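Residue-level structural notes
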Amino acid sequence: MTTAAKLNFSSGPATLPKQVRQAAAAAISDLDGSGIGILEHSHRGPEFAAVLARAEANVRAVASVPDNYAVLFVTGGATSHFTWIPRSFLGADQNADYCDTGVWAKKAAQAAAPFGNVHIACSSASEHYVRIPDTLVLSTTTQYLHFTSNNTVYGTQWQRMPSVAREVAVVCDASSDIFSQPIDVNRYAMIYAGAQKNLGPSGISLVIARREFLATARAGLPPLEDYQVYDRERSMHNTPNTFGIFMIAEVTNWILQQGGLEALGSRNRAKATVLYDFLDSSQMWRGVADPGSRSFMNVTFRGPDAATEDAFLAQAQAGGLEGLRGHRSVGGLRASIYNAFPAHGVERLVSELAAFEKRR
Ligand SMILES: *Cc1c(COP(=O)(O)O)cnc(C)c1O
């Protein structure tokens with residue numbers, strides 16, 4: 001089995017478009033014909049300046065980001081923002097609302113607790129997070145509402161934004177579904193995402209934030225944890241993750257070439273539907289998430305028992321299907337089928353699951 005034939009269902013770091021891998025391989029030796037590789041160029045030189053400008057312009061084009069929003073490339077994963085956001089925007093006697101819809105959502109809420117009053121606006125913890133709650137109860141005055149648009153571990157996804165009054169600042173951890181469908185940036189105060197699911201490599205995150213919201217941050221933050229410093233200094237207060245920014249530029253370029261978010265959104269839905277339709281018709285396999293809350297990025301499912309699941313996983317791996325084991329906290333199986341995951345890979349998984357079922 002060659003690497004090329006493998007299907008990577010990993011939840012993140014995750015599969016990248018082939019053209020992006022190839023562009024990266026070429027740029028490591030020679031960035032844009034400069035004779036020097038991307039890993040070796042000064043971040044203050046014109047070659048990298050062009051990469052950064054490309055990355056920002058592509059992000060703005062992909063999501064129609066309005067001019068009053070900052071686009072920031074921050075070193076560190078989504079988890080960094082779990083702390084930075086409350087430290088910036090939540091004072092000791094203020095409230096922030098959090099939607100508790102899974103592992104990452106809960107971690108975000110826990111990270112905020114030392115800074116102020118964290119109010120859980122909704123939770124599906126008592127239902128093992130198999131669905132997105134129907135109703136939200138917000139604090140009377142709130143600094144922001146934080147939600148996790150796609151719950152990577154449980155395989156649930158908000159089917160629409162939480163409905164709140166327009167004046168509520170909505171902050172979204174979109175790490176595992178950013179740029180997978182059209183988005184109206186205007187409705188958010190801040191959107192952030194670790195890059196390793198839909199945007200590039202790990203260790204870098206993208207932040208899209210309304211400047212008016214950023215301006216409400218407390219004073220005296222450490223510069224590397226101050227979003228306004230990133231905005232003022234174009235993400236270059238210190239040496240940024242130049243390779244990560246290059247990768248985001250390439251991935252967003254690929255997104256534009258695919259026809260943008262409308263095209264990707266319908267493609268992603270079609271991919272996920274193939275798998276969910278199979279699970280709904282199977283006597284052996286069943287989807288974990290409530291049908292009304294299903295994610296089209298991470299499909300969680302189970303067999304009749306752990307031994308059957310293990311047997312399938314071993315066989316799948318031998319056939320080149322990698323990364324299908326569910327998160328350690330929930331078990332079962334999970335197929336992560338982000339933007340770059342090919343439709344034929346989903347069809348292959350369905351045929352393996354069906355063949356396995358028939359044999360048993
Ligand atoms: C993967 C993930 C994270 C964690 O990202 P890091 O880059 O490891 O910090 C946070 N939130 C969500 C929704 C994720 O899927």
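The structure presented is a predicted model; accordingly, all values stated were derived computationally and were not measured.

Conventions and cut-offs
- Counting from 1, residues in each chain are numbered in the order their sequence is written.
- Selection of residues for local features in this predicted model requires a pLDDT of at least 70, selection of side-chain atom pairs for listing and counting requires 80 or more, and totals for whole chains, interfaces and linings are taken over all residues.
- Side-chain numbers here rest on the full set of heavy atoms in the structure, without hydrogens or water.
- Helix and strand definitions follow DSSP, with helices as H or I runs of at least four residues and strands as E runs of at least two, each counted in order from the N terminus.
- Radius of gyration here uses only the C-alpha atoms, and the compact-globule reference equals 2.2 Å multiplied by the residue count raised to the power 0.38.
- Throughout this description, buried means an accessible area under 20% of the type-specific maximum (1.4 Å probe, protein chains only), exposed means over 50%, and partly exposed covers the range between.
- Contacts are assigned to residue pairs that have any heavy atoms within 4.5 Å of one another.
- Here, Shrake-Rupley sampling with a 1.4 Å probe gives the accessible areas, and only protein chains in the shown set may cover a residue.
- Each pair of strands is called paired provided DSSP finds at least two bridges between the two strands.
- Every axis corresponds to a line fitted to the C-alpha atoms, with the helix fit spanning only the stretch in contact, and the corresponding angles, defined between N-to-C directions, vary from 0 to 180 degrees.
- Whether a crossover is right-handed depends on one test, that the path from the first strand over the helix to the second runs clockwise when the strands point away from the viewer.
- Throughout, nonpolar core names a set of buried Ala, Val, Leu, Ile, Met, Phe, Trp, Tyr and Cys residues whose side chains join them through atoms within 4.5 Å.
- For this purpose, a residue is taken to be near a molecule or strand whenever a single non-hydrogen atom of the residue falls within 4 Å of it.
- Polar contact is defined as a pair of N or O atoms within 3.5 Å, subject to the rule that within protein one atom must be able to donate a hydrogen and the other to accept it, and that residues adjacent in sequence are counted only when both atoms are side-chain atoms.
- Side-chain classes are defined by residue name, with Ala, Val, Leu, Ile, Met, Phe, Trp, Tyr, Cys and Pro counting as nonpolar, Asp, Glu, Lys and Arg as charged, and the others, Gly among them, as polar.
- Helix crossings fall into two classes, left-handed where the near helix is turned counterclockwise from the far one by less than a right angle and right-handed where it is turned clockwise.
- Take the number of residues in a helix, subtract one, and multiply by 1.5 Å to get its expected span.
- To count as a disulfide, a pair of cysteine sulfur atoms needs to be within 2.5 Å.

What to know about the overall build of the protein
- Scanning the protein from terminus to terminus reveals 10 helices and 14 strands.
- Relative to the 2.2 N^0.38 estimate, which gives 21 Å for 360 residues, the radius of gyration of the protein is 21 Å and therefore close to what a compact globule would have.
- Taken over the C-alpha atoms alone, the protein extends approximately 65 × 60 × 30 Å along its principal axes.
- Considering the protein as a whole, with its 360 residues, one finds that 54% of them fall into the buried category.
- Sequence separation of at least 24 residues holds for 68% of the intrachain contacts in the protein that already meet a minimum separation of 6.
- Surface exposure of the protein reaches about 15,100 Å², of which carbon and sulfur atoms provide 51%.

A word on the sheet that holds strand 3 (residues 95–100)
- Taken together, 7 strands build an open sheet; the order of strands is 2-10-9-8-5-3-4 and the sheet is mixed. Since the sheet does not close on itself, it has two edges, and those belong to strand 2 (69–75) and strand 4 (117–123), each with one partner. Recorded for the sheet is a direction-independent mean angle of 20° between the axes of neighbouring strands.
- In the packing of helix 2 (residues 46–63) onto the sheet, the strands contacted are strand 2 and strand 10 (204–210), and the crossing angle to strand 2 comes to about 130°.
- Together, strand 2, strand 3, strand 8 (170–173), strand 9 (190–194) and strand 10 form the strand contacts of helix 3 (residues 78–89), whose direction differs from that of strand 9 by roughly 150°.

Describing the pairing of strand 4
- Sheet analysis places strand 3 next to strand 4, joined by 6 bridges and oriented parallel. Residue pairing for strand 4: Tyr-98 is matched across the bridge by Ile-120.
- Note on the crossover from strand 3 through helix 4 (residues 103–112) to strand 4: the handedness is right-handed.

Some points on the nonpolar core
- If you look at the biggest cluster of nonpolar residues, it comprises 50 residues, and the most contacted ones within it are Val-59, Phe-73, Phe-179, Leu-206 and Ile-208.
- No other element matches helix 7 (residues 242–257), which puts 8 residues into this core.
- Listed in part, the 30 residues of the second largest apolar core include Ala-109, Tyr-144, Tyr-192 and Val-207.

Considerations on the site of the ligand
- Near the ligand you find 13 residues, and of these Thr-79, Thr-152, Asp-173, Gln-196 and Lys-197 are the closest.
- Gln-196 places a polar side-chain atom, nitrogen or oxygen, 2.9 Å from an oxygen atom of the ligand.
- Contact with the protein chains hides 87% of the accessible area of the ligand, taken as 390 Å² for the molecule alone.
- Broken down by element, the shell around the ligand gets its largest block of residues, 3 residues, from helix 3.
- A breakdown of the residues in the shell around the ligand according to their chemical character gives 3 nonpolar, 8 polar and 2 charged.

Things to note about unusual backbone geometry
- With an omega dihedral of -10°, the bond running from Gly-12 to Pro-13 counts as a cis peptide bond.
- Relative to the helices and strands, Pro-13 is located in the loop between strand 1 (7–8) and helix 1 (18–29).
- The phi dihedral of Asp-32 falls on the positive side, at around 50°, and the residue is not glycine.
- The residue Asp-32 is located in the loop between helix 1 and helix 2 in this model.
- We note that Phe-179 has phi near 60°; this positive angle belongs to a residue other than glycine.
- Relative to the elements of secondary structure, Phe-179 occurs in the loop between strand 8 and strand 9.
- Judged by its relative accessible area of 3%, Phe-179 is buried.

Some words on the pairing of strand 2
- A large share of strand 2 lies buried, amounting to 6 of its 7 residues.
- Here strand 2 runs beside strand 10; their pairing, made up of 7 bridges, is antiparallel. The residue of strand 10 that forms the bridge with Tyr-69 is Arg-210.

As for the packing of helix 1 against helix 7
- Remark: helix 1 packs on helix 7, axes separated minimally by 10 Å, with the N-to-C direction vectors making an angle of 145°. Here the hand of the crossing between helix 1 and helix 7 comes out right-handed. Side by side, helix 1 and helix 7 meet where Gln-19, Val-20, Ala-23, Ala-24, Ala-27 and Ile-28 of the first sit next to Phe-243, Phe-246, Met-247, Glu-250, Val-251, Asn-253, Trp-254 and Gln-257 of the second.
- Of the residues assigned to the contact of helix 1 with helix 7, the class counts are 10 nonpolar, 3 polar and 1 charged.

Observations regarding helix 7
- The end-to-end C-alpha distance of helix 7 is 23 Å, a good match for the 22 Å that 16 residues give at a rise of 1.5 Å each.
- Among the 16 residues of helix 7, 12 are classified as buried, and the element is accordingly described as predominantly covered.
- Those residues of helix 7 that sit buried are Thr-242, Gly-244, Ile-245, Phe-246, Met-247, Ile-248, Ala-249, Glu-250, Val-251, Thr-252, Trp-254 and Ile-255.
- Just downstream of helix 7 lies Gly-259, where phi reads positive at about 110°.

Points about the sheet that holds strand 14 (residues 333–336)
- Strand order in the open sheet made by the 3 strands is 11-12-14, with antiparallel pairing throughout. Edge positions in the sheet fall to strand 11 (286–287) and strand 14, since each of these pairs with one other strand and no more.
- Two elements, strand 11 and strand 12 (residues 298–302), share 2 bridges in a ladder whose sense is antiparallel. Looking across to strand 12, one finds that Arg-286 is bridged to Arg-302.
- Across the sheet, helix 8 (residues 260–281) touches strand 11, strand 12 and strand 14, and the angle it forms with strand 12 is around 15°.

Notes on the state of the cysteines
- Here the structure, examined in full by the defined rule, presents 0 disulfides.
- Cys-122 provides the cysteine sulfur closest to Cys-99, a residue in no disulfide bond, and the two sulfurs are 3.4 Å apart.
- Overall, Cys-122 belongs to the buried group, its relative accessible area being 5%.

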